[in-house]
Amino acid sequence: MTIKQTADMTKQSDDVIVKTLSRLLIPFMQIYALYVIAHGHYSPGGGFQGGVILGASLILLVITYGLDNVLRMMSERSNTILCSLGVAIYVGIGILCIILGGNFLDYGALAKILHVEVPHARSLGILGVETGVGIAVMAVMLSIFLDISTGGLPSNKEQGQSD
Amino acid sequence: MEVTVLVQATYKSFEMLDDARDRAKQILDIAAKLTSETQAIHRKRIEAIFTGAKQTKAKIVKFISAFIILLGFWLLLSGHYDVFHITIGMLCCALISYLSYDLMFANPRTGDMRVIVKRFIIYIPWLLYQIFLSNLHVARLALGPRSLLDPKIMKFKSKLESDISMVTLANSITLTPGTITVDVKDGVYYVHAVSKKVAEDLMTGDMEDRIAHIFMEADHVYVQDVLDMAPIFVALK
(Lines give C-alpha, C1' and ligand atoms only; values in the text may rest on other atoms or scores of the structure.)
Protein backbone atom coordinates (compact mmCIF):
# COMPACT_ATOMS: atom_id res chain seq x y z
CA MET A 1 0.00 0.00 0.00
CA THR A 2 2.79 2.41 0.92
CA ILE A 3 4.57 1.50 -2.31
CA LYS A 4 1.49 2.38 -4.38
CA GLN A 5 1.14 5.76 -2.69
CA THR A 6 4.74 6.80 -3.23
CA ALA A 7 5.01 5.34 -6.73
CA ASP A 8 2.77 8.09 -8.12
CA MET A 9 5.73 10.43 -7.68
CA THR A 10 7.61 8.58 -10.41
CA LYS A 11 4.74 8.69 -12.92
CA GLN A 12 4.62 11.33 -15.61
CA SER A 13 2.94 14.53 -14.39
CA ASP A 14 -0.21 15.66 -16.24
CA ASP A 15 0.12 19.35 -15.35
CA VAL A 16 1.07 21.32 -18.45
CA ILE A 17 2.45 24.27 -16.44
CA VAL A 18 4.78 22.16 -14.30
CA LYS A 19 5.92 20.08 -17.25
CA THR A 20 6.67 22.97 -19.59
CA LEU A 21 8.43 25.15 -17.03
CA SER A 22 10.59 22.32 -15.71
CA ARG A 23 11.41 21.36 -19.31
CA LEU A 24 12.70 24.88 -19.92
CA LEU A 25 14.41 25.29 -16.55
CA ILE A 26 16.26 21.96 -16.21
CA PRO A 27 19.10 22.80 -18.70
CA PHE A 28 19.73 26.09 -16.89
CA MET A 29 19.72 24.30 -13.52
CA GLN A 30 22.27 21.84 -14.83
CA ILE A 31 24.53 24.55 -16.28
CA TYR A 32 24.26 26.44 -12.97
CA ALA A 33 25.31 23.28 -11.11
CA LEU A 34 28.35 22.87 -13.35
CA TYR A 35 29.16 26.57 -12.85
CA VAL A 36 29.07 26.09 -9.06
CA ILE A 37 31.38 23.08 -9.37
CA ALA A 38 33.83 24.76 -11.77
CA HIS A 39 34.10 28.02 -9.80
CA GLY A 40 34.26 26.37 -6.38
CA HIS A 41 37.86 27.46 -5.80
CA TYR A 42 37.12 31.14 -6.57
CA SER A 43 33.69 31.77 -5.12
CA PRO A 44 31.27 30.12 -2.65
CA GLY A 45 30.17 26.67 -3.73
CA GLY A 46 32.04 23.57 -4.75
CA GLY A 47 31.61 19.92 -5.48
CA PHE A 48 28.95 19.08 -2.90
CA GLN A 49 26.69 22.07 -3.58
CA GLY A 50 26.96 21.69 -7.35
CA GLY A 51 26.35 17.94 -7.11
CA VAL A 52 23.20 18.53 -5.05
CA ILE A 53 21.86 21.01 -7.65
CA LEU A 54 22.65 18.55 -10.45
CA GLY A 55 20.92 15.76 -8.52
CA ALA A 56 17.93 18.04 -7.87
CA SER A 57 17.57 18.76 -11.59
CA LEU A 58 17.44 15.02 -12.30
CA ILE A 59 14.95 14.48 -9.46
CA LEU A 60 12.76 17.24 -10.96
CA LEU A 61 12.98 15.40 -14.26
CA VAL A 62 11.81 12.17 -12.57
CA ILE A 63 8.89 13.98 -10.89
CA THR A 64 7.68 15.70 -14.07
CA TYR A 65 8.58 13.32 -16.90
CA GLY A 66 8.39 9.98 -15.12
CA LEU A 67 10.96 7.44 -14.07
CA ASP A 68 11.05 5.60 -17.40
CA ASN A 69 12.24 8.64 -19.36
CA VAL A 70 15.08 9.29 -16.92
CA LEU A 71 16.14 5.65 -16.75
CA ARG A 72 16.38 5.67 -20.55
CA MET A 73 18.85 8.55 -20.28
CA MET A 74 20.71 7.20 -17.24
CA SER A 75 20.10 3.64 -16.07
CA GLU A 76 20.53 2.64 -12.44
CA ARG A 77 23.57 0.60 -13.46
CA SER A 78 25.36 3.63 -14.92
CA ASN A 79 24.19 5.68 -11.93
CA THR A 80 25.96 3.25 -9.61
CA ILE A 81 29.05 3.33 -11.82
CA LEU A 82 29.08 7.16 -11.68
CA CYS A 83 28.66 6.99 -7.92
CA SER A 84 31.80 4.90 -7.51
CA LEU A 85 33.63 6.80 -10.28
CA GLY A 86 33.32 10.04 -8.31
CA VAL A 87 34.85 8.48 -5.21
CA ALA A 88 37.54 6.86 -7.40
CA ILE A 89 38.50 10.28 -8.86
CA TYR A 90 38.76 11.76 -5.37
CA VAL A 91 40.84 8.91 -3.91
CA GLY A 92 42.83 8.54 -7.15
CA ILE A 93 44.02 12.17 -7.04
CA GLY A 94 44.86 11.76 -3.34
CA ILE A 95 46.90 8.61 -3.94
CA LEU A 96 48.56 10.15 -7.03
CA CYS A 97 49.85 12.89 -4.72
CA ILE A 98 51.34 10.23 -2.38
CA ILE A 99 52.99 8.48 -5.35
CA LEU A 100 54.52 11.77 -6.52
CA GLY A 101 56.09 12.30 -3.11
CA GLY A 102 53.59 14.45 -1.22
CA ASN A 103 50.98 13.76 1.43
CA PHE A 104 47.43 12.47 0.73
CA LEU A 105 45.66 15.21 -1.32
CA ASP A 106 48.81 17.39 -1.26
CA TYR A 107 48.09 18.96 -4.66
CA GLY A 108 51.46 20.74 -4.87
CA ALA A 109 53.05 17.40 -5.81
CA LEU A 110 50.95 17.33 -9.00
CA ALA A 111 53.12 20.15 -10.42
CA LYS A 112 55.64 17.50 -11.54
CA ILE A 113 53.28 15.81 -14.03
CA LEU A 114 51.17 18.83 -15.01
CA HIS A 115 54.27 20.94 -15.87
CA VAL A 116 52.87 24.08 -14.23
CA GLU A 117 53.77 26.13 -11.16
CA VAL A 118 52.85 24.82 -7.70
CA PRO A 119 49.95 27.28 -6.97
CA HIS A 120 48.37 26.58 -10.35
CA ALA A 121 48.75 22.84 -9.77
CA ARG A 122 46.93 23.18 -6.43
CA SER A 123 44.06 25.01 -8.18
CA LEU A 124 43.79 22.30 -10.84
CA GLY A 125 43.98 19.55 -8.19
CA ILE A 126 41.11 21.12 -6.24
CA LEU A 127 39.07 21.35 -9.46
CA GLY A 128 39.67 17.63 -10.15
CA VAL A 129 38.69 16.60 -6.64
CA GLU A 130 35.57 18.78 -6.76
CA THR A 131 34.54 17.19 -10.06
CA GLY A 132 34.77 13.78 -8.39
CA VAL A 133 32.78 14.95 -5.38
CA GLY A 134 30.15 16.51 -7.65
CA ILE A 135 29.68 13.32 -9.70
CA ALA A 136 29.45 11.18 -6.56
CA VAL A 137 26.97 13.48 -4.79
CA MET A 138 24.76 13.76 -7.90
CA ALA A 139 24.62 9.99 -8.32
CA VAL A 140 23.99 9.37 -4.60
CA MET A 141 21.20 11.99 -4.47
CA LEU A 142 19.44 10.42 -7.46
CA SER A 143 19.91 6.92 -6.10
CA ILE A 144 18.49 7.89 -2.66
CA PHE A 145 15.46 9.47 -4.34
CA LEU A 146 14.93 6.46 -6.62
CA ASP A 147 15.20 4.05 -3.67
CA ILE A 148 12.67 6.01 -1.60
CA SER A 149 10.19 6.74 -4.38
CA THR A 150 10.10 3.22 -5.81
CA GLY A 151 10.14 1.53 -2.42
CA GLY A 152 13.58 0.04 -3.05
CA LEU A 153 12.49 -1.85 -6.16
CA PRO A 154 14.67 -1.42 -9.27
CA SER A 155 11.98 -0.34 -11.73
CA ASN A 156 8.26 -0.03 -12.32
CA LYS A 157 8.17 -3.25 -14.30
CA GLU A 158 9.39 -5.42 -11.47
CA GLN A 159 7.13 -3.55 -9.10
CA GLY A 160 4.16 -4.49 -11.25
CA GLN A 161 5.18 -8.15 -11.15
CA SER A 162 5.54 -8.15 -7.37
CA ASP A 163 2.05 -6.70 -6.84
CA MET B 1 12.40 -27.96 -106.52
CA GLU B 2 14.86 -25.24 -105.91
CA VAL B 3 12.03 -22.70 -105.65
CA THR B 4 10.27 -24.68 -102.85
CA VAL B 5 13.55 -24.99 -100.94
CA LEU B 6 14.05 -21.26 -101.37
CA VAL B 7 10.51 -20.53 -100.14
CA GLN B 8 10.94 -22.86 -97.14
CA ALA B 9 14.25 -21.24 -96.32
CA THR B 10 12.62 -17.82 -96.55
CA TYR B 11 9.76 -18.92 -94.22
CA LYS B 12 12.25 -20.35 -91.75
CA SER B 13 14.31 -17.20 -91.80
CA PHE B 14 11.14 -15.15 -91.18
CA GLU B 15 10.20 -17.41 -88.26
CA MET B 16 13.68 -17.07 -86.84
CA LEU B 17 13.48 -13.31 -87.20
CA ASP B 18 10.10 -13.27 -85.39
CA ASP B 19 11.55 -15.46 -82.65
CA ALA B 20 14.53 -13.22 -82.30
CA ARG B 21 12.28 -10.16 -82.15
CA ASP B 22 10.07 -11.72 -79.45
CA ARG B 23 13.09 -12.68 -77.41
CA ALA B 24 14.61 -9.24 -77.81
CA LYS B 25 11.27 -7.73 -76.70
CA GLN B 26 11.20 -9.95 -73.60
CA ILE B 27 14.78 -9.06 -72.76
CA LEU B 28 14.01 -5.38 -73.23
CA ASP B 29 10.90 -5.67 -71.03
CA ILE B 30 12.89 -7.41 -68.31
CA ALA B 31 15.63 -4.81 -68.61
CA ALA B 32 13.12 -1.95 -68.39
CA LYS B 33 11.47 -3.60 -65.36
CA LEU B 34 14.82 -4.09 -63.68
CA THR B 35 15.88 -0.53 -64.33
CA SER B 36 12.57 0.82 -62.98
CA GLU B 37 12.94 -1.40 -59.91
CA THR B 38 16.51 -0.33 -59.32
CA GLN B 39 15.46 3.26 -59.92
CA ALA B 40 12.73 2.92 -57.32
CA ILE B 41 15.20 1.38 -54.88
CA HIS B 42 17.69 4.14 -55.62
CA ARG B 43 15.03 6.79 -55.18
CA LYS B 44 14.04 5.26 -51.86
CA ARG B 45 17.65 5.20 -50.74
CA ILE B 46 18.18 8.80 -51.75
CA GLU B 47 14.95 9.83 -49.99
CA ALA B 48 16.08 7.96 -46.87
CA ILE B 49 19.41 9.76 -47.01
CA PHE B 50 17.63 13.11 -47.45
CA THR B 51 15.19 12.56 -44.57
CA GLY B 52 18.04 11.32 -42.39
CA ALA B 53 20.07 14.37 -43.31
CA LYS B 54 17.09 16.62 -42.56
CA GLN B 55 16.61 15.02 -39.13
CA THR B 56 20.32 15.24 -38.40
CA LYS B 57 20.32 18.87 -39.51
CA ALA B 58 17.37 19.65 -37.21
CA LYS B 59 19.19 17.94 -34.36
CA ILE B 60 22.39 19.85 -35.04
CA VAL B 61 20.49 23.16 -35.24
CA LYS B 62 18.78 22.40 -31.92
CA PHE B 63 22.10 21.37 -30.36
CA ILE B 64 23.88 24.51 -31.55
CA SER B 65 21.10 26.88 -30.45
CA ALA B 66 20.94 25.18 -27.03
CA PHE B 67 24.74 25.47 -26.83
CA ILE B 68 24.71 29.19 -27.64
CA ILE B 69 21.93 29.96 -25.14
CA LEU B 70 23.64 27.97 -22.38
CA LEU B 71 27.05 29.50 -23.13
CA GLY B 72 25.48 32.97 -22.84
CA PHE B 73 24.05 31.98 -19.45
CA TRP B 74 27.47 30.61 -18.38
CA LEU B 75 29.28 33.83 -19.40
CA LEU B 76 26.64 35.82 -17.48
CA LEU B 77 27.31 33.80 -14.31
CA SER B 78 31.08 33.41 -14.56
CA GLY B 79 33.13 36.51 -13.88
CA HIS B 80 36.36 34.97 -15.19
CA TYR B 81 36.95 35.53 -18.90
CA ASP B 82 40.30 33.75 -19.35
CA VAL B 83 40.98 30.88 -21.72
CA PHE B 84 40.86 28.22 -19.00
CA HIS B 85 37.42 29.13 -17.63
CA ILE B 86 35.85 29.68 -21.05
CA THR B 87 37.18 26.26 -22.18
CA ILE B 88 35.62 24.60 -19.13
CA GLY B 89 32.42 26.51 -19.83
CA MET B 90 32.29 25.34 -23.44
CA LEU B 91 32.87 21.73 -22.36
CA CYS B 92 30.10 21.95 -19.75
CA CYS B 93 27.70 23.62 -22.20
CA ALA B 94 28.41 20.95 -24.83
CA LEU B 95 27.70 18.21 -22.26
CA ILE B 96 24.45 19.77 -21.03
CA SER B 97 23.18 20.67 -24.48
CA TYR B 98 23.93 17.11 -25.66
CA LEU B 99 21.95 15.74 -22.70
CA SER B 100 18.98 18.11 -22.80
CA TYR B 101 18.59 19.83 -26.18
CA ASP B 102 15.44 17.80 -26.75
CA LEU B 103 14.07 19.22 -23.49
CA MET B 104 14.62 22.84 -24.50
CA PHE B 105 13.16 22.46 -28.00
CA ALA B 106 10.62 19.69 -27.41
CA ASN B 107 7.98 20.79 -29.96
CA PRO B 108 8.92 22.49 -33.22
CA ARG B 109 7.67 26.04 -33.70
CA THR B 110 5.78 26.78 -36.88
CA GLY B 111 6.23 30.52 -36.63
CA ASP B 112 9.37 32.54 -37.07
CA MET B 113 11.31 32.57 -33.79
CA ARG B 114 12.52 36.17 -34.24
CA VAL B 115 8.96 37.46 -34.70
CA ILE B 116 7.81 35.54 -31.60
CA VAL B 117 10.63 37.00 -29.50
CA LYS B 118 9.91 40.53 -30.80
CA ARG B 119 6.18 40.25 -30.09
CA PHE B 120 6.89 38.77 -26.65
CA ILE B 121 9.14 41.73 -25.75
CA ILE B 122 6.36 44.09 -26.88
CA TYR B 123 3.88 42.12 -24.73
CA ILE B 124 5.85 42.58 -21.48
CA PRO B 125 5.18 46.36 -21.00
CA TRP B 126 1.46 45.79 -21.62
CA LEU B 127 1.47 43.03 -18.98
CA LEU B 128 3.28 45.33 -16.51
CA TYR B 129 0.65 48.04 -17.15
CA GLN B 130 -2.16 45.53 -16.49
CA ILE B 131 -0.41 44.45 -13.27
CA PHE B 132 -0.20 48.11 -12.23
CA LEU B 133 -3.94 48.67 -12.90
CA SER B 134 -4.93 45.49 -11.04
CA ASN B 135 -2.71 46.51 -8.13
CA LEU B 136 -4.66 49.76 -7.77
CA HIS B 137 -7.94 47.84 -7.99
CA VAL B 138 -6.93 45.28 -5.36
CA ALA B 139 -5.70 48.07 -3.07
CA ARG B 140 -9.12 49.73 -3.35
CA LEU B 141 -10.77 46.38 -2.56
CA ALA B 142 -8.57 45.95 0.51
CA LEU B 143 -9.34 49.46 1.80
CA GLY B 144 -12.95 49.74 0.57
CA PRO B 145 -16.22 48.16 1.77
CA ARG B 146 -16.62 44.41 2.07
CA SER B 147 -19.50 44.30 -0.43
CA LEU B 148 -17.12 44.86 -3.37
CA LEU B 149 -15.53 41.45 -2.78
CA ASP B 150 -17.03 38.63 -4.81
CA PRO B 151 -14.59 35.71 -4.87
CA LYS B 152 -15.40 32.87 -7.25
CA ILE B 153 -13.76 30.26 -9.44
CA MET B 154 -14.31 30.68 -13.18
CA LYS B 155 -13.94 28.03 -15.84
CA PHE B 156 -13.26 28.79 -19.50
CA LYS B 157 -12.06 26.94 -22.53
CA SER B 158 -8.99 28.42 -24.16
CA LYS B 159 -8.34 28.53 -27.90
CA LEU B 160 -4.56 28.28 -27.37
CA GLU B 161 -2.91 25.15 -28.72
CA SER B 162 0.73 24.74 -27.75
CA ASP B 163 1.96 24.13 -24.22
CA ILE B 164 4.21 27.20 -24.14
CA SER B 165 1.37 29.62 -24.94
CA MET B 166 -0.92 27.96 -22.38
CA VAL B 167 1.80 28.33 -19.74
CA THR B 168 2.33 31.99 -20.71
CA LEU B 169 -1.39 32.70 -20.30
CA ALA B 170 -1.58 30.81 -16.99
CA ASN B 171 1.42 32.66 -15.57
CA SER B 172 0.18 36.03 -16.85
CA ILE B 173 -3.14 35.44 -15.08
CA THR B 174 -1.35 34.47 -11.87
CA LEU B 175 1.00 37.49 -12.08
CA THR B 176 -1.95 39.88 -12.35
CA PRO B 177 -3.17 40.66 -8.80
CA GLY B 178 -6.71 39.49 -8.05
CA THR B 179 -6.65 36.44 -10.33
CA ILE B 180 -4.90 33.11 -9.81
CA THR B 181 -4.77 30.13 -12.17
CA VAL B 182 -5.81 27.14 -10.09
CA ASP B 183 -5.48 24.44 -12.73
CA VAL B 184 -5.15 23.85 -16.48
CA LYS B 185 -6.59 20.59 -17.79
CA ASP B 186 -6.85 19.89 -21.56
CA GLY B 187 -7.06 23.59 -22.42
CA VAL B 188 -9.71 24.35 -19.77
CA TYR B 189 -8.65 27.02 -17.27
CA TYR B 190 -9.87 27.15 -13.68
CA VAL B 191 -9.22 30.68 -12.45
CA HIS B 192 -9.92 32.17 -9.03
CA ALA B 193 -11.02 35.83 -9.25
CA VAL B 194 -11.39 38.05 -6.21
CA SER B 195 -13.99 40.52 -7.53
CA LYS B 196 -16.48 41.02 -10.35
CA LYS B 197 -14.35 43.59 -12.18
CA VAL B 198 -11.22 41.42 -12.53
CA ALA B 199 -13.39 38.49 -13.60
CA GLU B 200 -15.03 40.59 -16.34
CA ASP B 201 -11.64 41.92 -17.45
CA LEU B 202 -10.39 38.39 -17.82
CA MET B 203 -13.48 37.10 -19.63
CA THR B 204 -13.11 39.73 -22.42
CA GLY B 205 -10.24 37.52 -23.65
CA ASP B 206 -7.93 40.43 -24.43
CA MET B 207 -4.93 38.76 -22.77
CA GLU B 208 -5.65 35.46 -24.53
CA ASP B 209 -5.89 37.23 -27.92
CA ARG B 210 -2.55 38.91 -27.36
CA ILE B 211 -0.85 35.64 -26.38
CA ALA B 212 -2.35 33.87 -29.39
CA HIS B 213 -0.95 36.74 -31.48
CA ILE B 214 2.55 36.31 -29.95
CA PHE B 215 2.73 32.60 -30.71
CA MET B 216 0.80 32.91 -34.02
CA GLU B 217 -1.95 30.50 -33.06
CA ALA B 218 -5.71 30.09 -33.46
CA ASP B 219 -6.86 31.32 -36.90
CA HIS B 220 -8.10 34.77 -36.02
CA VAL B 221 -7.33 38.19 -37.38
CA TYR B 222 -6.15 40.40 -34.57
CA VAL B 223 -6.07 44.14 -34.31
CA GLN B 224 -2.29 44.05 -34.07
CA ASP B 225 -2.03 42.11 -37.34
CA VAL B 226 -4.09 44.76 -39.13
CA LEU B 227 -1.93 47.49 -37.62
CA ASP B 228 1.20 45.64 -38.76
CA MET B 229 -0.22 45.40 -42.29
CA ALA B 230 -1.35 49.05 -42.51
CA PRO B 231 2.06 50.58 -43.43
CA ILE B 232 2.38 48.14 -46.34
CA PHE B 233 -0.97 49.27 -47.81
CA VAL B 234 0.00 52.89 -47.35
CA ALA B 235 3.26 52.24 -49.20
CA LEU B 236 1.34 50.48 -52.02
CA LYS B 237 -0.97 53.45 -52.49
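### Focus: the pairing of strand 2 (residues 179-185) of chain B
Residue and element names in this part refer to chain B.
Then, number 1: Note that strand 2 and strand 3 (residues 188-195) share 6 bridges and pair antiparallel. Following the sheet pairing, Thr179 is matched in strand 3 by Ala193.
Then, number 2: What sits between strand 2 and strand 3 in their antiparallel hairpin is a turn of 2 residues, with Asp186 showing a positive phi close to 55°.

### Focus: the domain arrangement of chain B
Then, number 1: Considered domain by domain, chain B is made up of domain 1 (1-106) and domain 2 (113-236).
Then, number 2: One C-alpha centre belongs to domain 1 of chain B, the other to domain 2 of chain B, and the line joining them spans 47 Å.

### What about the confidence of the model for chain B?
Then, number 1: With 93% of its residues at a pLDDT of at least 70, chain B reaches an overall mean of 86.
Then, number 2: Both confidence scores are given for the complex: pTM 0.75, ipTM 0.80.

### Observations regarding the packing of helix 2 (residues 16-38) of chain A against helix 4 (residues 163-175) of chain B
Then, number 1: With their axes 9 Å apart at the nearest point, helix 2 of chain A and helix 4 of chain B run at an angle of 105° to one another. By the angle between their directions, the pair helix 2 of chain A and helix 4 of chain B is classed as roughly perpendicular. Of the residues in helix 4 of chain B, those in contact with A:Val16, A:Ile17, A:Thr20 and A:Leu21 of helix 2 of chain A are B:Asp163, B:Ile164, B:Met166, B:Val167 and B:Ala170.
Then, number 2: Partitioning the contact of helix 2 of chain A with helix 4 of chain B into residue classes produces 7 nonpolar, 1 polar and 1 charged.

### Overview of the interface of chain A and chain B
Then, number 1: Counting residues at the interface gives 17 residues for chain A, matched by 21 residues for chain B.
Then, number 2: Residue composition of the side of chain A that touches chain B, grouped by class: 13 nonpolar, 3 polar and 1 charged.

### Let's talk about the nonpolar core
Then, number 1: Of all hydrophobic cores here, the largest spans 35 residues; its most connected members are A:Ile31, A:Ala33, A:Leu34, A:Tyr35 and B:Cys92.
Then, number 2: Counting only elements with at least two residues in this core, the list comes to helix 2, helix 3 (47-65), helix 4 (67-73), helix 5 (76-99) and helix 7 (118-149) of chain A together with helix 1 (2-77) and helix 2 (83-104) of chain B.

### Notes on the environment of B:Met104
Then, number 1: Mapped onto the elements, B:Met104 comes out in helix 2.
Then, number 2: Expressed as a C-alpha distance, the spacing of B:Met104 and B:Phe84, which sit 20 residues apart in the sequence, is 27 Å.

### Overview of helix 6 (residues 206-214) of chain B
Residues and elements named next belong to chain B.
Then, number 1: For helix 6, the buried fraction is high: 7 of the 9 residues fall into the buried class.
Then, number 2: Inspection of helix 6 places Met207, Glu208, Arg210, Ile211, Ala212, His213 and Ile214 among the buried residues, and these make up the whole buried set.
Then, number 3: Residue Met216 follows helix 6 closely and has a positive phi angle near 55°.

### Concerning the sheet that holds strand 1 (residues 149-157) of chain B
Residues and elements named next belong to chain B.
Then, number 1: Taken in spatial order, the 3 strands make up an open sheet running 1-3-2, and their pairing is antiparallel. Both outer strands of the open sheet, strand 1 and strand 2, are each paired with one neighbouring strand and no more. Neighbour to neighbour, the strand axes of the sheet diverge by 15° on average, direction disregarded.
Then, number 2: Contacts from helix 4 reach strand 2 and strand 3 within the one sheet, and its direction differs from that of strand 2 by about 155°.

### What to know about the environment of A:Leu58
Residues and elements named next belong to chain A.
Then, number 1: In this structure, Leu58 sits in helix 3.
Then, number 2: Residue Leu58 is classed as buried on the basis of its C-beta count, with 23 C-beta atoms lying within 10 Å.
Then, number 3: Residues in contact with Leu58, not counting those within four places in the same chain, are Val70 and Leu142.

### Quick word on the pairing of strand 1 of chain B
Taken residue by residue, a regular strand's side chains alternate between the two faces of the sheet.
Residue and element names in this part refer to chain B.
Then, number 1: Among the 9 residues in strand 1, 0 count as buried, and that is only a small part of the element.
Then, number 2: Inspection of the sheet shows strand 1 paired to strand 3 by 7 bridges, in the antiparallel sense. Paired with Phe156 across the strands is Tyr189, a residue of strand 3.

Rules and cut-offs
- Residues numbered from 1 in each chain as written.
- Chains lettered and ligands numbered in written order.
- Predicted model: local features only at pLDDT ≥ 70, side-chain atom pairs only at ≥ 80, totals over all residues.
- Pairing = 2+ DSSP bridges.
- Helix = DSSP H or I, 4+ residues; strand = E, 2+ residues; numbered from the N terminus.
- Domains from an automatic or database assignment.
- pLDDT = per-residue confidence, 0-100.
- Axes fitted to C-alpha atoms, helices over the stretch in contact; angles between N-to-C directions.
- Parallel < 35°, antiparallel > 145°, perpendicular 65-115°, else oblique.
- Contact = placed C-beta atoms within 7 Å.
- Nonpolar A, V, L, I, M, F, W, Y, C, P; charged D, E, K, R; others polar.
- Core = buried A, V, L, I, M, F, W, Y, C linked by C-beta atoms within 7 Å.
- Buried ≥ 20, exposed ≤ 12 C-beta atoms within 10 Å, placed from the backbone.

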